[in-house]
Amino acid sequence: MAGLTLTKGSNLSLTKTDPGLNKVHVGLGWDPRTTTGDQFDLDASALLLGADGKVRSSADFIFYNQPAAADGSVVHKGDNRSGEGDGDDEVIAIELSAVGSDVERIVFVVSIDQAESRRQNFGQVRAAYCRVVNHETDAEVVRYDLSEDAAPETCMIFSELYRHNGEWKFKAVGQGYATGLAGIASDFGVQLG
């Protein structure tokens, strides 16, 4: 059974849509357009944010080189370097009940590795999506298919999970960043380097 498909800016209560939902996989997928033959590598990451909209520490930036939150509530399942094949290209697993009570949002970001040197951007990506899957039933709860209106950007916030009045909600964001992953990390308080 396919889940609901949202448009940019809309949200959905996961708690009401799938009562008892706890363990989820956030699947992110894309296909590179045919380009000059250069490798095309997109990377998914997650940022755990507090009430101030910032990470509590750099340990709240989950990506292929730091694949798990300190409490184990959010785990990056590995780096796909090509986007080839069907299904999710990268998956971030979350145990909602284990996420620290001081985390209000989990933001999901996809960036293009070596975008500047390879002259690549999201205008060269097609069929990009983000979806939430119930880990217990393998059913897709909600999905967001990105439109191609972020052509010059090299990094994008795909979606977020957030708490509101005791519920977990999913929001389709689709916000591009021309400053890349470093810009997003800086905006959310991650100390790089």
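Residues numbered from 1 in each chain as written. Predicted model: local features only at pLDDT ≥ 70, side-chain atom pairs only at ≥ 80, totals over all residues. Heavy atoms only, no water.

Before going further, it helps to examine the confidence of the model for the protein chain. In the predicted model, the protein chain carries a mean pLDDT of 87, and the fraction of residues at 70 or more is 88%. Confidence, expressed as mean pLDDT per element, reaches its minimum in the protein chain at helix 2 (residues 115–118) with 80 and its maximum at strand 6 (residues 74–76) with 96. (pLDDT = per-residue confidence, 0-100. Helix = DSSP H or I, 4+ residues; strand = E, 2+ residues; numbered from the N terminus.)

Okay, the side chain of serine 45 next. Along the chain, the position of serine 45 falls in strand 4 (residues 42–49). Accessibility expressed as a relative area gives 2% for serine 45, which makes it buried. With residues up to four places along the chain from it excluded, the contact list for serine 45 reads Phe61, Ile62, Phe63, Ile92, Val107, Phe108, Val109 and Leu181. (Buried < 20%, exposed > 50% of the residue type's maximum accessible area, 1.4 Å probe, protein only. Contact = heavy atoms within 4.5 Å.)

With that out of the way, let us pick up the sheet that holds strand 8 (residues 105–112). Reading across from one edge, 2-12-11-8-4-5 is the order of the 6 strands in this open sheet, with antiparallel pairing throughout. The open sheet has two free edges, formed respectively by strand 2 (11–13) and strand 5 (61–62), since each of these has just one partner strand. Relative to strand 8, strand 4 is paired through 8 bridges, and the arrangement is antiparallel. Considered in strand 8, the bridge of serine 45 is made with valine 109. This element, helix 3 (residues 180–187), spans strand 4, strand 5, strand 8, strand 11 (155–164) and strand 12 (167–177) of the sheet and lies at about 30° to strand 11. (Pairing = 2+ DSSP bridges. Axes fitted to C-alpha atoms, helices over the stretch in contact; angles between N-to-C directions.)

One finds Val74, Ile94, Ile106, Phe158, Leu161 and Phe170 to be the most contacted residues of the largest nonpolar core, which totals 41 residues. For this core, the secondary-structure elements that each account for two or more residues are strand 3 (23–32), strand 4, strand 7 (90–95), strand 8, strand 9 (125–134), strand 10 (140–145), strand 11 and strand 12. When sequence neighbours within four positions are dropped, the list of residues in contact with isoleucine 106 reads Ala46, Leu47, Leu48, Val74, Ile94, Val99, Ser159, Glu160, Leu161 and Trp168. Membership of the second largest hydrophobic core comes to 15 residues, among which are Phe63, Val109, Ile157 and Val190. (Core = buried A, V, L, I, M, F, W, Y, C linked by side-chain atoms within 4.5 Å.)

This part is about the pairing of strand 9. Here strand 9 lies mainly inside the structure; 7 of its 10 residues are buried. Bridge analysis of strand 3 against strand 9 gives 8 bridges, and the strand direction is antiparallel. Among the inter-strand pairings, valine 24 is bridged to a residue of strand 9, identified as asparagine 134. Alignment of strand 9 against strand 10, held across 5 bridges, turns out to be antiparallel. In the sheet register, cysteine 130 faces strand 10, and the bridge partner there is tyrosine 144. The turn joining strand 9 and strand 10, which pair antiparallel and follow one another in sequence, is formed by 5 residues; a positive phi near 65° is taken by aspartate 138.

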